[in-house]
Amino acid sequence: MGRIRLDALTRQFGDTTAVDAVSLDIEDGEFLALLGPSGCGKTTLLRMLAGLLPPTSGRILLDDADITHTPPRRRDLAMVFQSYALYPHLSVERNIGFPLRVRRIPKDVVRGRVAEVAAQLQLDTLLARRPKELSGGQRQRVALGRALVREPKAFLMDEPLSNLDAKLRTATRVELAALHRRLAATFVYVTHDQVEAMTMATRIALLDGGRLEQVGTPTEVYDEPASVFVASFLGAPPMNLIPGRLASTEQGLLRVEAPGVVAPLWPGRVPAREVILGIRPEHLTPVGEDAARDAVRIRAVVEAVENLGSEEVALCATGPAGAGPAGQVALRGPRPLRLAPGDPVTLTADPARLHLFDADSGRRLVWQGSATPADHPAAVVGRG
Ligand code: ATP
């Protein structure tokens, strides 16, 4: 079993709160990605889990045992570092077997266990080599092997793919996800790369400024971001965020308005308030000038078109014609979009795909009215 519970875990460095009261339950067998921008506290959190850094306050439980002050060696957790941290003078075989040898496990048991792990990681033909005779990907597998050989309750990984080139990173991503499925062990994986988190993790914990912003499956955090921060961190390009005003029309329809933007939503009445309207670039489509009057409409001028191979991204300046740009939106779609810089466009989106956030707090707004239209899962209004 490898169930980990973080209870209000906090770490301060002088005036900096690197990790701020993070509470999180990681189930046995989960692949949890700790995701966030540089400096958000990911590494500090992982180092506290590993026992390499004492928390300022809070607790860490492993299968209900309090390990907050247990030394790293006795935690039964294996750490895989970004730098691999291999012993340069030892062969692959001795590097992998190292954690067992220091525990004075009989030689033949170590040899058998190393052979098993090496076969699992396709390192069996490389056992006699030294780390400098290996490629980056192979070194990374040796580092993993050294963690695997101990059969720990959980694996802690700090950006283990960041030293690999793009092609190898993709291949290793697939291998790591397969390894996780095979081992059915708990993985806690630090990354600032949203693609790694989205493709491998069973759940993603997003950190910002040491605080936990949202925890959910990749689908949940992408489709229902809890805040403007999460919305703008995930997606390439990220979600378009348009400051606007939410109000009810005389006909009893909720509507968001911003310069160049009219977004009729669904029936309902609310006091007018400032919001941020969120629309993913892939949910915007160009329509003719004569778009239906009740459709979401964004008037814009194309500024640039980027060719991504199978898709294109058009960057557009929004705002009423002749009034100068009020903001920028990106739209992504199959190539060719048939748009060119300077083209005026009207963009639309399905109201069910729209997101609303509170303008002050940046938190997602969720519908709390009685007239919740069932076909509008993104229907919102009221505190989320
Ligand atoms: P990165 O992706 O760049 O590695 P991170 O999310 O892992 O970033 P941390 O390394 O955990 O972030 O750092 C979190 C905050 O704590 C940062 O503001 C950092 O400057 C600060 N910090 C980390 N370690 C120390 C330390 N030993 N002394 C002082 N401040 C520190």
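Since this is a predicted model, take the numbers as computed values, not measurements.

Thoughts on the packing of aromatic side chains
What the rule picks out here adds up to five aromatic pairs. With a centroid separation of 4.6 Å and an interplanar angle of 45°, the aromatic rings of Tyr87 and Phe98 are classed as tilted. Of this pair, Tyr87 sits in the loop between β6 (77-80) and α2 (92-101) while Phe98 sits in helix α2; the two residues are eleven residues apart in sequence, bridging distant segments of the chain. A network of ring pairs unites the aromatic residues Phe31, Phe155, Phe187 and Tyr189 as a single cluster. One residue, Arg280, lies across the ring of Tyr222, its end atom 3.7 Å from the ring centre.

Some words on the sheet that holds strand β3 (residues 31-35)
If you trace the six strands from one edge of the open sheet to the other, you get β6-β7-β8-β3-β9-β10, paired in mixed fashion. At either margin of the open sheet sits one strand with a lone partner, and together these are β6 and β10 (211-216). The average angle at which neighbouring strand axes cross in this sheet is 15°, direction not considered. Two elements, strand β7 (residues 154-158) and strand β8 (residues 186-191), share five bridges in a ladder whose sense is parallel. From the neighbouring strand, Phe155 faces β8, where its bridge partner is Phe187.

Focus: the nonpolar core
Judged by nonpolar contacts, the single largest core of 46 residues is most densely connected at Ile96, Phe155, Met157, Leu176, Ile204, Leu206 and Leu234. Among the elements that make up this core, the one with the highest residue count is helix α4 (residues 136-148) (five residues). Leu176 has contacts with Leu144, Met157, Leu161, Phe187, Tyr189 and Met200, leaving out every residue within four places of it along the chain. Counting 30 residues, the second-largest nonpolar core is a separate cluster that includes Ile242, Val256, Val329 and Leu347.

Focus: the pairing of β6
Side chains Leu77 and Met79 project from β6 onto one buried face, and the interleaved Ala78 and Val80 project onto a second face that is buried too. For β6 and β7, the ladder comprises four bridges, and the chain directions are parallel. In the strand pairing of β7, Val80 is matched with Met157.

So, the sheet that holds strand β2 (residues 16-26)
The sheet built from four strands is open, its strands ordered β2-β1-β4-β5 with antiparallel pairing. Strands at the two margins of the open sheet, each flanked by one partner only, are β2 and β5 (65-66). As defined by bridge partners, strand β1 (residues 4-13) adjoins strand β4 (residues 57-62) across five bridges and the pair is classed as antiparallel. By the bridge assignment, Thr10 is partnered in β4 with Ser57. Across the sheet, helix α1 (residues 42-50) touches β1, β2 and β4, and the angle it forms with β1 is around 120°.

Rules of the game
- Residues numbered from 1 in each chain as written.
- Predicted model: local features only at pLDDT ≥ 70, side-chain atom pairs only at ≥ 80, totals over all residues.
- Heavy atoms only, no water.
- Phe/Tyr/Trp six-rings, centres within 6.5 Å; stacked < 30°, edge-to-face > 60°.
- Helix = DSSP H or I, 4+ residues; strand = E, 2+ residues; numbered from the N terminus.
- Lys NZ or Arg CZ within 6 Å of the ring centre and 35° of its normal.
- Pairing = 2+ DSSP bridges.
- Axes fitted to C-alpha atoms, helices over the stretch in contact; angles between N-to-C directions.
- Core = buried A, V, L, I, M, F, W, Y, C linked by side-chain atoms within 4.5 Å.
- Buried < 20%, exposed > 50% of the residue type's maximum accessible area, 1.4 Å probe, protein only.
- Contact = heavy atoms within 4.5 Å.

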